[in-house]
Number of protein chains: 2
Amino acid sequence: MTSAAVPEPATPRRRGRPGYDQATILRTAVDLFNRRGYDATSMGDLARELGLTKAAIYHHVDGKEQLLSAALDDALDELTAAVTEATQPTSDLSAYERLRSVVRRSVEVLMAHQSSVTLLLRVRGNSEVELAALQRRRWLDDQLAELVAQAAREGSLRADIPPRLVSRLLFGMVNSLVEWYHADGTYDPGTVADAVTDLAFDGLRAR
Amino acid sequence: MTSAAVPEPATPRRRGRPGYDQATILRTAVDLFNRRGYDATSMGDLARELGLTKAAIYHHVDGKEQLLSAALDDALDELTAAVTEATQPTSDLSAYERLRSVVRRSVEVLMAHQSSVTLLLRVRGNSEVELAALQRRRWLDDQLAELVAQAAREGSLRADIPPRLVSRLLFGMVNSLVEWYHADGTYDPGTVADAVTDLAFDGLRAR
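Residues numbered from 1 in each chain as written. Chains lettered and ligands numbered in written order. Predicted model: local features only at pLDDT ≥ 70, side-chain atom pairs only at ≥ 80, totals over all residues. Heavy atoms only, no water.

(A) Region of interest: the overall build of chain A. A tally of helices and strands in chain A yields 9 helices and 0 strands. Ordered by position in the sequence, the α and β elements of chain A form the string α-α-α-α-α-α-α-α-α. Taking 207 residues into account, the globule formula puts the C-alpha radius of gyration at 17 Å, and chain A, at 22 Å, lies well above it. Its C-alpha atoms give chain A principal-axis dimensions of about 85 × 40 × 30 Å. Counting across all 207 residues of chain A, residues that qualify as buried make up 47%. Here chain A carries 25 positive and 29 negative side-chain charges, and the mean point of each set is 5 Å from the other. (Helix = DSSP H or I, 4+ residues; strand = E, 2+ residues; numbered from the N terminus. Rg over C-alpha atoms; globule rule 2.2 N^0.38 Å. Buried < 20%, exposed > 50% of the residue type's maximum accessible area, 1.4 Å probe, protein only. Lys, Arg positive; Asp, Glu negative; His and termini not counted. Charge placed at Lys NZ, Arg CZ, Asp CG, Glu CD.)

Structure below.
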């Protein structure tokens with residue numbers, strides 16, 4: 001019966017390919033935003049990249065800003081969890097140990113969520129979504145600077161560099177990973193996390 | 001006599017304002033490139049920003065790419081001078097001392113030439129000019145990684161982190177300054193240069 005049926009027109013309306021879900025669309029969108037810039041990327045560009053119609057994408061997501069928001073939340077939720085754990089006053093660990101551990105954990109988060117952290121670090125506050133993300137980043141920065149100050153008061157961290165400056169440099173080094181780290185096996189994540197922590201806390205000078 | 005002269009028409013053809021020279025145009029162009037992105041900035045945008053006609057700008061410069069090239073050279077020439085001095089084999093200083101000194105000098109160059117270094121760090125290789133700049137950056141990276149390796153062989157630098165990774169993290173921290181440093185007096189350049197060098201070589205742990 002099938003072979004006898006009238007064939008479909010040779011050039012049917014382009015349809016959403018099967019197998020595309022929200023996660024795939026988000027991942028592709030974030031890579032495209034990072035490559036071309038969020039503002040310069042349209043939903044049409046994303047549709048072309050995925051080989052989908054715009055209508056098919058809108059079946060899964062509300063629009064470009066929802067994709068941005070989801071990506072920024074992905075990065076911020078992980079970083080917030082790490083920082084919240086490190087700043088629990090109930091912890092048995094010293095501030096120094098908690099600072100060292102949150103630096104290491106941040107490196108791991110960055111490597112595991114590199115695309116969304118890259119996007120987060122490029123946000124400049126051009127919309128409500130971006131402003132909200134910047135506000136969450138500032139909260140993280142404040143918490144980390146306070147943890148640095150605690151570790152210095154405790155006597156375990158050098159106190160001759162202003163805490164906010166220490167925090168900037170420490171997380172500046174962590175964040176710089178987005179510029180060159182590739183999950184291609186050149187460096188495994190554990191090696192990089194150890195290197196950052198050892199360099200920052202113990203220094204490069206041979207002992 | 002002057003007061004009696006026939007006045008000029010009230011709306012003359014817009015002319016180049018006096019006092020604009022190539023250096024002012026370059027400085028404004030680099031700030032605009034950093035704010036909007038090089039690709040998204042037109043010579044018309046630059047003209048509007050300067051309050052000049054495009055013709056007036058073309059009187060001073062050949063075009064957008066010449067401005068990019070001049071800015072990248074500004075950053076690269078300074079960094080190259082610092083690295084070349086540090087890697088002179090004739091120097092009396094140890095590799096460790098020369099590495100420590102080139103890190104400090106790089107921080108100073110970055111703060112003194114922040115706009116052009118920012119532009120350099122965002123170059124992705126979209127044109128001949130950008131590819132040439134990336135090639136010069138790679139040369140700098142290679143020289144610095146080799147200096148790190150020398151200092152480790154000398155026994156004065158820890159040898160348990162791969163030299164290329166040390167170099168990435170060290171200059172990742174230096175380069176991250178472009179994201180937050182403001183020459184507004186919050187931190188004077190000497191404090192920042194000392195902080196980076198002390199953190200990197202001596203570490204944050206209190207001794």
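(B) Highlighting the relation of the copies chain B and chain A. With an RMSD of 0.0 Å, chain B superimposes on chain A once it is rotated by 180 degrees and translated 0.0 Å along the axis. Put plainly, the chains are arranged around a two-fold axis. (Least-squares fit on C-alpha atoms with pLDDT ≥ 70 in both.)

(C) Up close: the interface of chain B and chain A. Between chain B and chain A, the contact holds 37 residues from the first and 37 residues from the second. On the chain B side of the contact with chain A, Arg158, Leu169 and Leu204 of chain B bury the most area, a combined 22% of that side's loss. Counting every contact that joins chain B to chain A gives 6 salt bridges. There are 18 residue pairs in polar contact (both at pLDDT 80 or more) connecting chain B and chain A. Those elements that provide at least two residues to the side of chain B that touches chain A are α5 (95-112), α8 (163-175), α9 (177-180) and α10 (189-202) of chain B. (Contact = heavy atoms within 4.5 Å. Buried area = accessible area lost by both parts, 1.4 Å probe. Salt bridge = Lys/Arg side-chain N within 4 Å of Asp/Glu carboxyl O. Polar contact = N/O pair within 3.5 Å; in protein donor to acceptor, adjacent residues only side chain to side chain.)

(D) Main features of the UniProt feature "DNA-binding region" (unreviewed entry) in chain A. Following the UniProt record, one finds the feature "DNA-binding region" (unreviewed entry) at residues 42-61 of chain A. In residues 42-61 of chain A, the share of helix is 75% and the share of strand is 0%. The end C-alpha atoms are 14 Å apart. (UniProt positions renumbered as here; feature names shortened; annotations may be inferred.)

(E) Helix α7 (residues 128-154) of chain A, seen in detail. Residue and element names in this part refer to chain A. Across its 27 residues, α7 extends 39 Å between first and last C-alpha, which sits within 8% of the 39 Å expected from 1.5 Å per residue. Taken together, the buried positions of α7 are occupied by Val129, Glu130, Ala133, Leu134, Leu140, Leu144, Ala145, Leu147, Val148, Ala149, Ala151 and Ala152. Buried residues belonging to α7 abut α4 (64-86), α5 (95-112), α6 (114-122) and α8 (163-175). Of the residues trailing α7, Gly155 is marked for its positive phi of about 95 degrees. (Expected span 1.5 Å × (residues − 1).)

(F) Summary view of the packing of aromatic side chains. All names here are of chain A. Counted according to the given criterion, the structure contains 8 aromatic pairs over all chains. Pairing Tyr96 with Phe201 gives two aromatic rings, centres 5.5 Å apart and planes at 80 degrees, and the pair type is edge-to-face. One end of the pair, Tyr96, is in helix α5; the other, Phe201, is in helix α9 (residues 189-202), and 105 residues separate them in sequence. By relative accessible area, which is 8% here, Tyr96 ends up buried. Three or more aromatic residues link up through ring pairs in this structure, and these residues are Trp180, Tyr181 and Tyr187. (Phe/Tyr/Trp six-rings, centres within 6.5 Å; stacked < 30°, edge-to-face > 60°.)

(G) Representation of the packing of α5 of chain B against helix α7 (residues 128-154) of chain B within the structure. All names here are of chain B. Where α5 contacts α7, the axes come no closer than 8 Å and their chain directions differ by 140 degrees. Remark: the crossing between α5 and α7 carries left-handed chirality. The segment α5 lies against α7, with Ala95, Tyr96, Arg98, Leu99 and Val102 engaging Leu144, Leu147, Val148, Gln150, Ala151 and Glu154. In terms of residue class, the contact of α5 with α7 is built from 8 nonpolar, 1 polar and 2 charged. (Axes fitted to C-alpha atoms, helices over the stretch in contact; angles between N-to-C directions. Left-handed = near helix turned anticlockwise from the far one by under 90°. Nonpolar A, V, L, I, M, F, W, Y, C, P; charged D, E, K, R; others polar.)

(H) Up close: the pattern of salt bridges. All chains considered together, the criterion is met by 34 salt bridges over all chains. Taking the shortest distance from any N to any O, the salt bridge between Arg205 of chain B and Asp202 of chain A comes out at 2.8 Å. Taken together, the positions of Arg205 of chain B in the segment after α10 and Asp202 of chain A in helix α9 put the pair across two chains. Classification of Arg205 of chain B as partly exposed rests on a relative accessible area of 33%.

(I) Main features of the packing of α5 of chain A against α9 of chain A. Residues and elements named next belong to chain A. One can describe the packing of α5 onto α9 by two numbers: an axis separation of 9 Å at closest approach and a directional angle of 145 degrees. Once α5 is placed against α9, the crossing between them reads as right-handed. Counting all contacts with α5, which are made through Tyr96, Leu99, Arg100, Val103, Arg104, Val107, Glu108 and Met111, the residues of α9 involved are Pro189, Gly190, Val192, Ala193, Asp194, Val196, Thr197, Asp198, Phe201 and Asp202.

(J) Molecular detail of the side chain of Thr41 of chain B. Residue and element names in this part refer to chain B. Within the fold, Thr41 resides in the loop between α1 (22-36) and α2 (43-50). For Thr41, a relative accessible area of 2% corresponds to the buried category. Among the polar contacts made by the side chain of Thr41, one reaches the main-chain carbonyl oxygen of Gly37 at a distance of 2.7 Å. In contact with Thr41, other than residues within four places in its own chain, are Leu32, Phe33, Arg36 and Lys64.

(K) Spatial organisation of the domain arrangement of chain A. All names here are of chain A. When its domains are assigned, chain A resolves into domain 1 (15-61) and domain 2 (64-202). On a C-alpha basis, the centres of domain 1 and domain 2 stand 29 Å from each other. Taken residue by residue, the interface counts 14 residues in domain 1 and 14 residues in domain 2. Joining domain 1 to domain 2, the criterion identifies 0 salt bridges. Sorting the residues of the side of domain 1 that touches domain 2 by element identifies α1 (22-36) and α2 (43-50) as the ones contributing at least two each. Broken down by element, the residue count for the side of domain 1 that touches domain 2 peaks at 8 residues, all from α1. Of the residues contributing to the side of domain 1 that touches domain 2, the split by class is 9 nonpolar, 3 polar and 2 charged. (Domains from an automatic or database assignment.)

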